[in-house]
Amino acid sequence: MTVDLSWLATYRSSEPHFGLERMEALLALRGNPHLACPVIHLAGTNGKGSTLAHLRSLLEAKGLRVGVFSSPYLVSFHEQISINGLPISDQDLETYLSLYQDLLAKNSSDQTLLGLTEFELLTVLAFDYFAAEKPDVVILEVGMGGRLDSTNVCQPILTAITTIGLDHVALLGPDLASIAQEKAGIIKEKIPVLLGRMELEAQEVIVQRANCLSAPVELLGQDFLVSYQESLADGEVFGYQSQYREEMQLKTGLLGLHQVDNAGLALALCDTFCQEKGLSFLSREEILQAWEGVQWPGRLEVISTQPLIILDGAHNPHAVAPLVATIKERYGQLDKQVLFTCIQTKAIEEMLELWSGLEKSQLTLTTFEDSRAYSVRDMQEIAHQKGLPYQEWKVFLTQYLERKLQQSDLLLVTGSLYFLAQVRAFLIEEISRR
């Protein structure tokens with residue numbers, strides 16, 4: 001069975017329609033299912049997905065049924081809505097799409113519902129699905145910003161903000177303080193909020209907002225401590241300490257220096273959740289076991305070892321900087337090819353500058369089929385201005401695989417997650433044929 005998504009696609013918008021009134025009106029027509037589930041709400045410029053993956057593994061290790069709503073998807077549309085890693089079924093997705101198609105047809109004269117977007121409909125659908133399936137907890141990832149994001153209709157039991165960086169500046173504000181103010185919009189009165197590593201300028205804005213709402217705040221670097229120790233072939237080793245735990249050595253199976261912060265924030269969230277719910281804390285052994293198999297596709301994902309090919313969705317400068325640092329740390333001695341593109345709303349100049357600082361590397365620009373992507377002509381012009389090669393990505397990858405490069409070489413495909421979704425499927429098929 002293949003689900004027909006064409007009706008949902010008619011609500012697609014190139015830009016978000018910020019505001020919660022459409023969400024609230026549509027949810028009211030369904031009996032407010034968003035109030036039925038205990039929610040952990042995650043915002044942040046980067047690190048949301050990886051923090052979510054770590055947290056889900058920990059909560060599942062507690063024997064809980066864990067719902068997840070996250071975007072965008074890399075493999076299947078269905079994976080955006082899942083319980084314990086199992087995406088919503090074709091049948092359930094079809095049922096809910098049909099339900100909302102009928103509901104909107106019956107309420108076509110309701111002016112409040114005008115301007116509904118695909119993401120808003122998907123968010124409402126997720127709330128409805130979780131209300132029916134009754135998982136023990138739902139981890140809800142903000143789409144963009146926070147204050148006016150469609151997920152912010154929820155009434156969470158915990159909130160977290162992973163990082164603050166300059167991204168979507170045209171929509172969220174021109175500086176860290178403005179963006180932090182938008183992200184801080186997910187904080188609710190007296191509901192604990194946990195913060196990842198961020199600039200003091202952003203942290204102060206968020207803490208001030210939390211204090212105004214009498215929301216307890218836990219800060220990485222103050223209330224829970226994370227210290228990178230070493231990189232291994234199968235993960236990152238770090239130290240962790242908090243009010244609930246004496247200093248201990250832990251390891252995450254996700255690669256990347258920045259993953260120790262994401263893992264640390266996830267553990268702090270899990271411990272706070274257990275404290276709030278009267279549950280026992282996970283042992284060190286249970287944490288290590290939970291994280292040994294943690295996965296988050298498209299984040300320093302090794303898609304092939306011979307030749308070595310890695311995918312990473314670093315789509316803004318705040319994500320590119322730690323990726324470059326990790327590649328230097330892990331693969332500094334290798335000759336590196338980097339294939340990169342992004343969508344038009346991103347700070348491409350700053351990202352190209354960061355990539356220019358990666359030694360022993362050749363950067364190639366490309367683009368892909370998507371309404372948000374650069375046209376071939378525009379990206380070729382950028383490549384020409386920067387003195388960089390441009391190549392169509394399928395041609396580049398096919399030629400790369402045919403050359404059967406030495407194992408000492410590394411290919412990093414990076415940039416937009418929408419791009420990686422196309423590349424990943426193509427590479428998996430090509431590699432399996434060879």
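Please read these numbers as outputs of a predicted model, since none were measured by experiment.

Colleague: Even after reading the chapter, I still don't get unusual backbone geometry, so can you show me in this structure?
Modeller: If a residue is not glycine, its phi is most likely negative; likewise, a peptide bond is most likely trans. Omega for the bond connecting S71 with P72 falls within 30 degrees of zero, at -10°, which places this linkage in the cis form. The topology assignment puts P72 in the loop between β2 (66-69) and β3 (81-83). Cis peptide bonds are those with omega within 30 degrees of zero, and the linkage from Q306 to P307 qualifies with 0°. In the Ramachandran plot, N32 falls in the positive-phi region, its phi being about 55° despite a non-glycine side chain. Structurally, N32 is set in the loop between α2 (21-29) and β1 (39-43). Since its relative accessible area comes to 30%, N32 is described here as partly exposed.

Colleague: Hey, could you run me through the packing of α2 against helix α5 (residues 118-133) in this one?
Modeller: To characterise two packed helices, one gives the angle between the axes of the helices and the distance between these axes. Axis separation between α2 and α5 bottoms out at 10 Å; the angle between their running directions is 40°. With respect to their mutual orientation, α2 and α5 come out oblique. The handedness of the crossing between α2 and α5 comes out as right-handed. Taken together, the residues of α5 that come into contact with α2 (itself represented by R22, M23, L26 and L27) are E120, L121, T123, V124 and F127. In the contact of α2 with α5, the residues fall into six nonpolar, one polar and two charged.

Colleague: Explanation requested: the nonpolar core in the structure shown.
Modeller: Grouped burial of nonpolar side chains is what soluble globular proteins tend to show. With 39 residues, the main nonpolar core has L58, L59 and L269 as its most contacted residues. Tallying contributions element by element places helix α9 (residues 259-277) first for this core, with 10 residues. Apart from the residues within four sequence positions on either side, L59 is in contact with I40, L64, V66, V137, I139, C270 and F273.

Colleague: Help me understand the domain arrangement of the protein in this model?
Modeller: Many authors give the size of an interface as the accessible area that is lost as the parts come together. For the protein, the domain assignment lists domain 1 (3-290) and domain 2 (299-431). Using only C-alpha atoms to locate each centre, domain 1 and domain 2 end up separated by 27 Å. Each partner contributes to the interface: domain 1 provides 24 residues, whereas domain 2 provides 20 residues. Summing the contributions of domain 1 and of domain 2, the shared interface buries around 1,800 Å²; its carbon and sulfur component is 57%. Ranking the residues of domain 1 by area buried against domain 2 places N46, L74 and L255 at the top, with a combined share of 34%. Among the ionic pairs, R330 bridges to E236, the shortest N-O distance being 3.0 Å. For the pair domain 1 and domain 2, the interface holds eight residue pairs in polar contact (both at pLDDT 80 or more). For the side of domain 1 that touches domain 2, the elements supplying multiple residues, two or more each, are β9 (224-232) and β10 (235-242). Examining the composition of the side of domain 1 that touches domain 2, we find that three residues originate from one element, β9, more than from any other. For the side of domain 1 that touches domain 2, the per-class residue count stands at 11 nonpolar, 11 polar and two charged.

Procedures and definitions
- Residues numbered from 1 in each chain as written.
- Predicted model: local features only at pLDDT ≥ 70, side-chain atom pairs only at ≥ 80, totals over all residues.
- Heavy atoms only, no water.
- Helix = DSSP H or I, 4+ residues; strand = E, 2+ residues; numbered from the N terminus.
- Buried < 20%, exposed > 50% of the residue type's maximum accessible area, 1.4 Å probe, protein only.
- Axes fitted to C-alpha atoms, helices over the stretch in contact; angles between N-to-C directions.
- Parallel < 35°, antiparallel > 145°, perpendicular 65-115°, else oblique.
- Left-handed = near helix turned anticlockwise from the far one by under 90°.
- Contact = heavy atoms within 4.5 Å.
- Nonpolar A, V, L, I, M, F, W, Y, C, P; charged D, E, K, R; others polar.
- Core = buried A, V, L, I, M, F, W, Y, C linked by side-chain atoms within 4.5 Å.
- Domains from an automatic or database assignment.
- Buried area = accessible area lost by both parts, 1.4 Å probe.
- Salt bridge = Lys/Arg side-chain N within 4 Å of Asp/Glu carboxyl O.
- Polar contact = N/O pair within 3.5 Å; in protein donor to acceptor, adjacent residues only side chain to side chain.

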